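# Observations on the three-dimensional arrangement
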Amino acid sequence: MSGGREEAAVSAEAESGERARRRRAGRRDGVPEPAGGERAGRRPGVRLSSPSQGRPGHLPTYMLGLEWNIREPLENLPDTTEGRGQQEAPEATGLTADYQNLCLEKSQRINSYIVHILQELNQEIEKGLEGITLNIAGNNRLIPVEKVTGEDFWILSKILQKCPNIHGLDIRYNLLNNVGAYYAAKLLQKKLHLVYLNLMFNDIGPEGGELIAKALHKNTTLKYLRMTGNKIENKGGMFFATMLQINSSLEKLDLGDCDLGMQSVIAFATVLTQNQAMKGIVLNRPILYGEQEESTVHLGQMLKENHCLVELHLCKHGIKNCGMQKLCNALYLNSSLRYLDVSCNKITLDGMEYLADVLKSNTTLEVIDLSFNRIENAGAIYLSKTLTSHNTSLKALSVVSNNIEGEGLIALSQAMKTNLTLSNIYIWGNKFDEATCMAYSDLIRKGRLKPDNTDVEPFEVDGHVYLSEVSNGLKKCYYWTPTHGNMHGHSSSAGFALVSVSQHL
């Protein structure tokens with residue numbers, strides 16, 4: 001019996017060895033050796049890797065369970081993406097169809113973001129809405145965004161020329177550059193209903209600025225142009241200053257962060273002594289050299305002669321106390337300015353003395369932004385005395401980050417109890433002690449200071465009152481758009497809400 005079992009085992013082992021030999025022979029005869037040194041069993045042109053670890057030899061998760069036959073050609077592989085995330089696109093109609101057809105006609109790539117925006121615009125037009133503002137902002141965080149290029153804007157501008165319902169166009173934070181500026185200039189020449197155009201941060205240079213400025217020589221409909229952040233420099237600024245000598249319909253112009261030079265700032269100050277249409281101008285952060293504050297001298301002279309300007313923004317001008325004195329001297333004679341922005345400058349106690357004195361007699365200023373200066377306690381006390389006993393016109397005051405301590409902040413809170421016209425005050429970034437926290441907590445609790453009209457909110461821990469920051473301010477949404485709520489609302493853009501020049505302004 002034992003001998004029979006041994007013979008059977010030897011026979012089985014021989015048969016197993018024969019089958020293994022035949023399999024090896026079949027592999028050599030039936031399948032060519034992989035090219036390029038690839039191992040047999042791995043398909044040429046296919047990388048097998050783990051989507052999470054990236055280790056060779058591991059299939060991606062969605063390929064597990066598939067049977068691979070290395071003798072099949074590559075094009076015969078099963079389509080693993082079929083049916084995944086594919087939806088039948090709705091048939092294009094209206095402006096969307098016009099845009100897509102025009103792209104095909106001009107051999108231009110279709111921008112999916114523009115298609116989405118035009119679909120929404122079609123719905124608004126079907127409802128019979130008028131005065132629509134088309135928002136194609138490139139920093140929209142709620143939906144996927146494909147940045148609009150100059151070539152995209154070429155096609156879009158042709159569509160907009162045929163749409164009289166659109167009165168505003170917001171195309172901020174895209175990639176228009178000088179090519180897009182050329183077509184924006186063409187649009188301004190042909191689009192007779194556009195009153196608001198926002199081109200901020202689109203990489204437009206001096207040449208593009210020149211094109212847009214010259215297009216405005218004959219345009220009579222545009223009321224508000226925003227060029228913020230486009231580096232048109234001194235050359236481009238000079239073309240816009242020249243434009244204001246000719247154009248008598250534009251009411252607000254924003255050239256903040258455009259790298260304007262001293263020459264162009266002085267040119268604007270000179271032109272505005274004659275221009276009677278401009279109601280608001282933003283000249284923030286020019287590139288100025290020297291310490292003589294020449295620009296402030298010319299702007300002060302302009303305020304003496306101009307009686308139409310309502311808003312003046314001079315943020316980051318390097319204004320010191322001497323320059324503040326020039327501006328305040330002009331405000332004794334000015335009867336139109338309601339919003340003065342001198343934030344992010346070098347104003348200290350002496351500058352506040354000049355401002356406090358002019359507020360005793362000036363009855364038109366309603367909003368003053370002193371944020372990010374250094375007025376400290378003494379400056380805050382000067383202002384509080386004037387607001388307590390003399391001024392009854394100021395509605396909003398921002399002293400954010402001015403190195404003010406408890407004494408100065410409490411003085412301003414006491415002024416609010418007496419001066420019932422002052423409704424908005426912004427104090428975050430200063431030095432709060434417990435008495436300060438209690439003072440502003442009482443103002444809010446008693447209803448004298450509404451929560452939407454300040455940038456602090458009281459809270460209590462272990463019986464002690466503290467102040468936390470709230471996202472309210474005079475111009476919180478100047479550079480960005482909130483994901484919810486109204487960007488022009490009273491709480492986040494109180495300065496523009498209180499001094500409302502006209503629609504979009």
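Residues numbered from 1 in each chain as written. Predicted model: local features only at pLDDT ≥ 70, side-chain atom pairs only at ≥ 80, totals over all residues. Heavy atoms only, no water.

## Description of the overall build of the chain
- Counting its secondary structure elements, the chain contains 15 helices and 13 strands.
- For the chain, with 505 residues in total, the buried portion stands at 47%. (Helix = DSSP H or I, 4+ residues; strand = E, 2+ residues; numbered from the N terminus. Buried < 20%, exposed > 50% of the residue type's maximum accessible area, 1.4 Å probe, protein only.)

## Examining helix α9 (residues 294–305)
- For α9, which comprises 12 residues, the first-to-last C-alpha distance of 18 Å matches the rise-based estimate of 16 Å (1.5 Å per residue) to within 8%.
- For α9, the set of buried residues is Ser-295, Thr-296, Leu-299, Gly-300, Met-302 and Leu-303. Buried residues of α9, viewed axially, fall in a sector of 160°; they line one side.
- Here the buried face of α9 lies against α8 (262–271), β7 (311–313) and α10 (321–331). (Expected span 1.5 Å × (residues − 1). Arc of directions from axis to C-beta. Contact = heavy atoms within 4.5 Å.)

## Brief notes about the packing of helix α2 (residues 94–105) against helix α3 (residues 112–126)
- Contact pair α2 / α3: the axes reach a minimum separation of 7 Å and the direction vectors enclose 145°. Contact residues: Gly-94, Leu-95, Thr-96, Tyr-99 and Gln-100 in α2; Ile-114, Val-115, Leu-118, Gln-119, Leu-121, Asn-122 and Ile-125 in α3.
- For the contact of α2 with α3, the per-class residue count stands at seven nonpolar, five polar and no charged. (Axes fitted to C-alpha atoms, helices over the stretch in contact; angles between N-to-C directions. Nonpolar A, V, L, I, M, F, W, Y, C, P; charged D, E, K, R; others polar.)

## Comments concerning the layout of surface pockets
- Of the pockets and cavities examined, the second largest pocket occupies roughly 460 Å³.
- Lining the second largest pocket are 25 residues, and of these Asp-369, Ser-371, Phe-372, Lys-475 and Lys-476 sit closest to its centre. (1 Å grid on protein atoms, 1.4 Å probe; cavity = no way out; pocket = protein on both sides within 12 Å on 5 of 7 lines; lining within 4 Å. Points joined across faces, edges and corners; volume = space filled by probe spheres on them.)

## Topic: the packing of α10 against helix α11 (residues 349–359)
- Put simply, α10 and α11 touch, their axes get as near as 8 Å, and they point 5° apart. With respect to α11, the axis of α10 lies roughly parallel. Counted together, Asn-321, Met-324, Gln-325, Cys-328 and Leu-331 of α10 and Asp-350, Gly-351, Tyr-354, Leu-355 and Val-358 of α11 form the full contact between these two elements.
- By residue class, the composition of the contact of α10 with α11 is six nonpolar, three polar and one charged. (Parallel < 35°, antiparallel > 145°, perpendicular 65-115°, else oblique.)

## Looking at the confidence of the model for the chain
- Averaged over the chain, the pLDDT score is 84; the fraction of residues at 70 or greater is 79%.
- For residues 27–90, every residue scores under 50 in pLDDT, and the model assigns this stretch 42 contacts once sequence neighbours within four places are set aside. (pLDDT = per-residue confidence, 0-100.)

## A word on a positive patch on the surface
- Among the surface-exposed residues, Lys-106, Lys-158, Lys-162, Lys-186 and Lys-190 lie close enough to one another that they form a single positively charged patch.
- Tracing the chain through its elements places Lys-158 in helix α4 (residues 150–160). (Patch = residues over 30% accessible without salt bridge, like charges linked within 9 Å, V, L, I, M, F, W, Y side chains within 5 Å. Areas by Shrake-Rupley, 256 points an atom, 1.4 Å probe, with all protein chains shown as cover. Salt bridge = Lys/Arg side-chain N within 4 Å of Asp/Glu carboxyl O. Lys, Arg positive; Asp, Glu negative; His and termini not counted. Charge placed at Lys NZ, Arg CZ, Asp CG, Glu CD.)

## Quick look at the sheet that holds strand β5 (residues 252–254)
- Read across the open sheet, the 11 strands follow the order β1-β2-β3-β4-β5-β6-β7-β8-β9-β10-β11; overall the sheet is parallel. Of all the strands in the sheet, the pair left with one neighbour each is β1 (132–135) and β11 (424–426). With strand direction ignored, the average angle separating the axes of adjacent strands in the sheet is 5°.
- With three bridges connecting them, strand β4 (residues 224–226) and β5 associate as parallel partners. Its bridge partner lying in β5, Tyr-224 is registered against Lys-252. (Pairing = 2+ DSSP bridges.)

## A short note on the packing of aromatic side chains
- Applying the stated criterion across every chain yields a total of nine aromatic pairs.
- Aromatic side chains Tyr-196 and Tyr-224 sit 5.4 Å apart centroid to centroid with 45° between the ring planes, which places their arrangement in the tilted category. Here Tyr-196, found in strand β3 (residues 196–198), pairs with Tyr-224, found in strand β4; they are 28 residues apart in sequence, far enough to count as distant.
- Given a relative accessible area of 7%, Tyr-196 falls into the buried group.
- Classification of Tyr-224 by relative accessible area gives buried; the value is 7%.
- With centroids separated by 5.9 Å and ring planes inclined at 50°, the aromatic side chains of Tyr-339 and Phe-496 adopt a geometry described as tilted. Of this pair, Tyr-339 sits in strand β8 (residues 339–341) while Phe-496 sits in helix α15 (residues 494–498), and the two are 157 residues apart along the sequence. Comparing Tyr-339 with Phe-496 shows no difference in burial state: the two are buried.
- Grouped by ring-pair contacts, the aromatic residues Tyr-173, Phe-201, Tyr-478 and Tyr-479 constitute a single cluster.
- The ring of Tyr-478 is capped by Arg-226, whose NZ or CZ atom sits 4.4 Å from the centre of that ring.
- Directly above the ring of Tyr-478 sits Lys-475, whose terminal nitrogen or CZ lies 5.7 Å from the centroid. (Phe/Tyr/Trp six-rings, centres within 6.5 Å; stacked < 30°, edge-to-face > 60°. Lys NZ or Arg CZ within 6 Å of the ring centre and 35° of its normal.)

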